[in-house]
Amino acid sequence: EIRDSETAGLAVNTALTGPVPSKKKEQALALTYAFDAGLLGSSVTAKSVTTSPMDFSPYGSIRFFAYGDNKGETLFFRSGSATDFFEFSIPVGWTGWKPITIVQHKDSTQRAVGWAQSEQAEGTVRQQGNPNLVTVGQLTIGILNNSNAANTGQVWINTFFASDVVARIGYAARLQSGFDYLGWG
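Residues numbered from 1 in each chain as written. Predicted model: local features only at pLDDT ≥ 70, side-chain atom pairs only at ≥ 80, totals over all residues. Heavy atoms only, no water.

Some remarks on the overall build of the protein
Our working definition: Only DSSP runs of H or I reaching four residues or more are called helices, and only runs of E reaching two or more are called strands; each is numbered from the N terminus. Partly exposed residues are those whose accessible area sits between 20% and 50% of the maximum for their type, while under 20% is buried and over 50% is exposed, using a 1.4 Å probe and protein chains only. Note on contacts: a residue pair qualifies if any of its non-hydrogen atoms lie within 4.5 Å across the two residues. A 1.4 Å probe and the Shrake-Rupley method give the accessible areas. Residues count as covered only by the protein chains that appear here.
In terms of regular secondary structure, the protein is built from zero helices and 10 strands. The linear arrangement of helices and strands in the protein, starting from the amino end, is β-β-β-β-β-β-β-β-β-β. Every one of the 185 residues in the protein was classed for burial, and the buried ones make up 34%. Long-range pairs, those at least 24 residues apart, make up 74% of the contacts in the protein between residues at least 6 apart in sequence. If you sum the accessible surface of the protein, you get close to 11700 Å²; carbon and sulfur atoms cover 53% of it.

Let's talk about the packing of aromatic side chains
Inclusion rule: In this scheme Phe, Tyr and Trp rings, the latter by its six-membered ring, pair at centre separations within 6.5 Å, and the angle between planes marks the pair as stacked below 30 degrees, edge-to-face above 60, and tilted otherwise.
If you walk through the whole model with that rule in mind, you get seven aromatic pairs. Relative to F77, the ring of F64 lies with its centre 5.9 Å away and its plane at 50°, an arrangement referred to as tilted. Here F64, found in strand β3 (residues 59-69), pairs with F77, found in strand β4 (residues 74-80); they are 13 residues apart in sequence, far enough to count as distant. The same class applies to F64 as to F77, namely buried.

With respect to the nonpolar core
Threshold: Note on terminology: a nonpolar core comprises buried Ala, Val, Leu, Ile, Met, Phe, Trp, Tyr and Cys residues joined through side-chain atoms within 4.5 Å.
Of all hydrophobic cores here, the largest spans 28 residues; its most connected members are F56, F64, L75, F77, W115 and I157. Every element with two or more residues in this core is listed here: β1 (29-35), β3, β4, β5 (85-91), β6 (95-106), β7 (112-115), β9 (136-144) and β10 (151-165).

Details of the sheet that holds β4
So the rule is basically this: Here, any two strands with at least 2 DSSP bridges between them count as paired. Under this scheme, a helix contributes an axis fitted over its contacting stretch, all axes are lines through C-alpha atoms, and angles between N-to-C directions fall in the 0 to 180 degree range.
Taking strand neighbours across the sheet as the criterion, the five strands line up as β2-β9-β4-β5-β8 in an open arrangement whose pairing is antiparallel. Strands at the two margins of the open sheet, each flanked by one partner only, are β2 (43-54) and β8 (124-128). On average, each strand axis in the sheet is tilted by 15° relative to the strand beside it, whichever way the strands run.

Concerning the pattern of salt bridges
How we decide: By definition here, a salt bridge exists when the distance from a side-chain nitrogen of Lys or Arg to a carboxyl oxygen of Asp or Glu is within 4 Å.
Here the structure, examined in full by the defined rule, presents four salt bridges. Residue D55 is joined to R111 by a salt bridge in which the shortest nitrogen-to-oxygen separation is 3.2 Å. Remark: R111 occurs in the loop between β6 and β7 and D55 occurs in the loop between β2 and β3; sequence separation between them is 56 residues. Ionic pairing is found between E87 and R126, a salt bridge with its closest N-O pair at 2.9 Å. With E87 in strand β5 and R126 in strand β8, this pair connects stretches of sequence that are 39 residues apart.

Focus: the sheet that holds β7
In space, the five strands of this open sheet follow the order β1-β10-β3-β6-β7, with antiparallel pairing throughout. Unpaired on one side and paired on the other, β1 and β7 mark the two borders of the sheet. With strand direction ignored, the average angle separating the axes of adjacent strands in the sheet is 30°. Pairing of β6 with β7 involves three bridges; the strand directions are antiparallel.

Things to note about the confidence of the model for the protein
In regions of low pLDDT, the predicted coordinates are not meant to be interpreted in detail. Selection rule: A score between 0 and 100, pLDDT records how confident the predictor is in each residue.
Confidence in the prediction of the protein, expressed as mean pLDDT, is 82, and 81% of residues score 70 or more. This model gives residues 1-14 a pLDDT under 50, and the stretch forms 19 contacts once residues within four places in sequence are excluded.

Brief notes about the pairing of β6
Pairing analysis gives nine bridges linking β3 to β6, with the strands arranged antiparallel. Of the residues in β6, the one forming a bridge with S61 is V103. Counted along the chain from β6 to the antiparallel partner β7, the turn is five residues long, and its residue Q110 has a positive phi close to 70°.

See below:
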């Protein structure tokens, strides 16, 4: 949690974003690819490895915007580690900006424990190994080549965020006591 003049004294949750930089810049991630003919299944990726793990379990979904080039490649996003991860993938069959939503499914304590296949998300979800949403150490996003033909293009990613905070119902109590000892109290 940090406080600075840009947030006007409000507490900011930095669990997913890290400290607020002194100068904010609007940026998007460009995934530029140039697949030669005969390279079916090759990919271009960008990854972020964190020094301290992130906890995605209090959230109901992960969202971002993708700018597609409608060339039929597959956009994928992975969360976890290099060997244990959840993966969401979607064919890039659109041109322009598109909101992407990855729905997380919850356990009996209302904490997210995995990614769910959803009607609102047009992509597919798969699990590799034994990922844990409480200790996410690596995020990977990339483009997968679906064709043996040569293919070049660019897909943009912007405004990545976790949303739909899971509201948990709990119990609170207050205990108050008093005493009086020889006129003191």
